[in-house]
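Chain by chain, the residues:
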Amino acid sequence: MYKQYLKQAWASLLENPLMSVLMIMGTTLSAAMLLVLVQFYIVRTSSYAPVSARGRMLYVTGVQSDMVKVDSDGRKVPTGGRWMDGLGVPFVRQVFEELKTVEEVAVMSGGTGQVRLSSPGRKKGGEFAQRKTNGDFWRVFDFVFVAGKPYDEASVRSARRQAVLTEDVARELFGATEVIGETLLIEYVEYQVCGIVKPVSEAVSEVYGQVFVPYTCDEVMMAEVNAGGVCGGLNVCLLAASAADFPAVREEVVRNVRRYNSNLQDWQADLFTQPHTATQRMFQRWHEEKLSALFSGMLCLALLFFFLPVFNMLGLAFSQIRRRQPEIGLRKAFGATSSRVVGQMLYESLIVTVIGCVLGQCFSVLFFFLAKDGLLERTDVRLTADMLFTPWLFPVAFLICLFINFLSIGIPAWRVARRQIVEALNA
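This report concerns the structure included in the present document. (Residues numbered from 1 in each chain as written. Predicted model: local features only at pLDDT ≥ 70, side-chain atom pairs only at ≥ 80, totals over all residues. Heavy atoms only, no water.)

### A few points about the overall build of the protein
Argument step 1. In terms of regular secondary structure, the protein is built from 17 helices and 14 strands.
Argument step 2. Within the protein, buried positions represent 49% of all 427 residues.
Argument step 3. Taking the contacts inside the protein whose residues are at least 6 apart along the sequence as the reference set, 76% of them involve residues at least 24 apart.
Argument step 4. Roughly 20,400 Å² of accessible area belongs to the protein as shown, and the carbon and sulfur atoms make up 58% of that amount. (Helix = DSSP H or I, 4+ residues; strand = E, 2+ residues; numbered from the N terminus. Buried < 20%, exposed > 50% of the residue type's maximum accessible area, 1.4 Å probe, protein only. Contact = heavy atoms within 4.5 Å. Areas by Shrake-Rupley, 256 points an atom, 1.4 Å probe, with all protein chains shown as cover.)

### Some remarks on the side chain of Ser119
Argument step 1. By the element assignment, Ser119 lies in the loop between strand 5 (113–118) and strand 6 (125–133).
Argument step 2. For Ser119, a relative accessible area of 2% gives the class buried.
Argument step 3. A polar contact is formed between the side chain of Ser119 and the backbone oxygen of Leu173, at a distance of 3.3 Å.
Argument step 4. In this structure, Ser119 is in contact with Lys124, Leu173, Phe174 and Thr183, ignoring residues within four places of it in sequence. (Polar contact = N/O pair within 3.5 Å; in protein donor to acceptor, adjacent residues only side chain to side chain.)

### Quick look at the nonpolar core
Argument step 1. Of all hydrophobic cores here, the largest spans 70 residues; its most connected members are Leu87, Phe91, Phe96, Phe141 and Leu238.
Argument step 2. Setting aside its immediate chain neighbours within four residues, Leu238 contacts Arg56, Met57, Leu58, Phe96, Leu99, Val102, Glu104, Val105, Val249, Val253 and Pro275.
Argument step 3. Within the second largest apolar cluster, 22 residues are counted, among which are Ala317, Ile321, Cys357 and Ala397. (Core = buried A, V, L, I, M, F, W, Y, C linked by side-chain atoms within 4.5 Å.)

### Things to note about helix 6 (residues 167–174)
Argument step 1. For helix 6, the set of buried residues is Glu167, Val169, Ala170, Leu173 and Phe174. Down the axis of helix 6, the buried set is contained in an arc of 160°. They therefore lie on one face.
Argument step 2. Packing partners of the buried residues in helix 6 comprise strand 5, strand 6, strand 7 (145–148), strand 8 (162–166), strand 9 (183–186) and strand 10 (189–197). (Arc of directions from axis to C-beta.)

### Remarks on the packing of aromatic side chains
What characterises a pair of aromatic rings is the spacing of the ring centres plus the angle enclosed by the ring planes.
Argument step 1. Going through the model one piece at a time under the given rule, you end up with 15 aromatic pairs.
Argument step 2. A centroid spacing of 5.2 Å and a plane angle of 75° characterise the contact between Trp138 and Phe212, whose relative ring orientation is edge-to-face. Taken together, the residues Trp138 in helix 4 (residues 137–140) and Phe212 in strand 11 (residues 211–214) connect sequence positions 74 residues apart.
Argument step 3. On the basis of relative accessible area, Phe212 is assigned to the buried category, the value being 0%. (Phe/Tyr/Trp six-rings, centres within 6.5 Å; stacked < 30°, edge-to-face > 60°.)

### Points about helix 9 (residues 246–262)
Argument step 1. Here helix 9 contains 17 residues, and its C-alpha end-to-end distance of 24 Å stays within 8% of the 24 Å for a straight helix at 1.5 Å per residue.
Argument step 2. Of all the residues in helix 9, the buried ones are Phe246, Val249, Glu252, Val253, Asn256, Val257, Tyr260 and Asn261.
Argument step 3. Residues of helix 9 that are buried in the fold lie against strand 1 (57–60), strand 3 (76–87), helix 3 (89–96), helix 8 (226–229), strand 13 (234–239) and strand 14 (267–270). (Expected span 1.5 Å × (residues − 1).)

### Looking at the pattern of salt bridges
Argument step 1. Applying the stated rule across the entire model yields 12 salt bridges.
Argument step 2. A salt bridge links Asp218 to Lys132; the shortest N-O distance between them is 2.5 Å. With Asp218 in the loop between strand 11 and helix 7 (219–223) and Lys132 in strand 6, this residue pair connects regions lying 86 residues apart in the sequence.
Argument step 3. For Arg171, the salt bridge goes to Glu167, with nearest N and O atoms at 3.2 Å. Of the two residues, Arg171 and Glu167 both sit in helix 6, 4 residues apart, roughly one turn of that helix.
Argument step 4. Given a relative accessible area of 43%, Arg171 falls into the partly exposed group. (Salt bridge = Lys/Arg side-chain N within 4 Å of Asp/Glu carboxyl O.)

### A few points about the environment of Ala227
Argument step 1. Relative to the helices and strands, Ala227 resides in helix 8.
Argument step 2. Relative accessible area serves as the criterion here: at 4%, Ala227 is assigned to the buried category.
Argument step 3. Spatially, the C-alpha atoms of Ala227 and Trp267 are 6.2 Å apart, while their sequence positions differ by 40 residues.
Argument step 4. Setting aside residues up to four positions removed in sequence, Ala227 forms contacts with Ser65, Trp83 and Trp267.

### Looking at a nonpolar patch on the surface
Argument step 1. A surface patch of nonpolar side chains, amounting to about 560 Å² of accessible area, comprises Leu291, Phe295, Leu299, Leu303, Phe307 and Phe311.
Argument step 2. For Leu291, a relative accessible area of 46% corresponds to the partly exposed category. (Patch = residues over 30% accessible without salt bridge, like charges linked within 9 Å, V, L, I, M, F, W, Y side chains within 5 Å.)

### Description of unusual backbone geometry
Argument step 1. The step from Ala49 to Pro50 runs through a cis peptide bond, and the omega angle for that step is 5°.
Argument step 2. Summarising the element assignment, Pro50 is placed in the loop between helix 2 (17–45) and strand 1.
Argument step 3. A cis amide bond links Gln274 to the next residue, Pro275, at an omega of 10°.
Argument step 4. Position of Pro275 among the secondary structure elements: in the loop between strand 14 and helix 10 (278–283).
Argument step 5. Positive phi values are uncommon outside glycine, yet Tyr188 reaches one of about 70°.
Argument step 6. Along the chain, Tyr188 falls in the loop between strand 9 and strand 10.
Argument step 7. Given a relative accessible area of 63%, Tyr188 falls into the exposed group.

### Things to note about the pairing of strand 1
Argument step 1. The two faces of strand 1 match: Met57 and Tyr59 on one face and Leu58 and Val60 on the other face are all buried.
Argument step 2. As defined by bridge partners, strand 1 adjoins strand 13 across 4 bridges and the pair is classed as antiparallel. In the sheet register, Met57 faces strand 13, and the bridge partner there is Leu239. (Pairing = 2+ DSSP bridges.)

### Section: the packing of helix 3 against helix 9
Argument step 1. Packing of helix 3 against helix 9 leaves a shortest axis separation of 9 Å and a crossing angle of 130°. In terms of orientation, helix 3 and helix 9 fall into the oblique class. Read as a crossing pair, helix 3 and helix 9 show a hand that is right-handed. Note on element contacts: helix 9 touches helix 3 through Val253, Asn256, Val257, Arg259 and Tyr260, opposite Pro90, Phe91, Gln94, Val95 and Phe96.
Argument step 2. Considered class by class, the residues forming the contact of helix 3 with helix 9 number 7 nonpolar, 2 polar and 1 charged. (Axes fitted to C-alpha atoms, helices over the stretch in contact; angles between N-to-C directions. Parallel < 35°, antiparallel > 145°, perpendicular 65-115°, else oblique. Left-handed = near helix turned anticlockwise from the far one by under 90°. Nonpolar A, V, L, I, M, F, W, Y, C, P; charged D, E, K, R; others polar.)

### So, the environment of Pro120
Argument step 1. Tracing the backbone shows Pro120 in the loop between strand 5 and strand 6.
Argument step 2. Residue classification places Pro120 among the partly exposed residues on the basis of a relative accessible area of 41%.
Argument step 3. Remark: the alpha-carbon pair of Pro120 and Tyr188, spanning 68 residues in sequence, is separated by 9.5 Å.

Below, the structure is given as structure tokens:
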């Protein structure tokens, strides 16, 4: 029976090619635009190298420090002064590096800065993106080392001038990747190359860099004690054993912040709702409790891309199904129920669903690739296969197409199938 339905559906597609193409393209374009949003979400929140453990990560990307004074009752009351920035070195060390409920704590600069790199005795050089980190940064994020190894926490504590380069930078500066132990000049200060890693995409904003050095080598950062040591230029990423430990981690962070504040006289730190998961980090600013405009914008676009083609396709579907009223009347005259007739129509629409799903996924990759710089707010972003193709992307595409066809075919089919037999036959 179902084989006969598919044969009938295929014959119907061939009978009116223009109408069939319009139905398929409506499904394809709608699915493609929705999948672009899904892929944008995947790139920002899902797990792939070097953020393979993103599902167990919590982020702290900023802190607010309010100036206070002690009143006559011994309470600390705000005076109106405020400092909002990244995390200061003393704050990071006393609040986050002492956490017991996490496996590792990665410390990194809040962004990358362009620095001048060169190699002694060679004319080649240029400006590249520098990221400052601690030693455990390399234990949280799974970079692929092609030569050497990362600097460890002992090297960070002693401020040893070591550097990890990406493979492309090493080739540009030295002409090879086997350069472990070579001297590198960063802003004309000597560093020793200790490791070479595979390049990282700018889409992974929390770890992107072309040269990595210990944050303790930045003398200015280490000397800053803004707002009682609370504010500075660092971010942290906390790696928990599992997502089930997130509540315990947040509770310990709150206790440590409270303890740090108790030792301050003129300032009080506030992390708001942090630490954040990857999804929260995407849709919520660290200093606000409400969702950002990105969430509402993506929601509005998703609704637009979904319902607009459905409404457009309803007219085409009504036209096709009304032509089959006599057939529907005959089937009901021989005992078929309205629900069975509608079920047949939906089953026949599976051909459109499958074709639209495959084409929609192909178009979505193309659209996302063309719009990647604008979506990710970067220039010349390099995308990997792990970002574009995930195991659950095809099932999502199929469900989107199935739901679109369910609405665009199911509604007119139900209306026509509910007509009286005589009325359907007279049509």
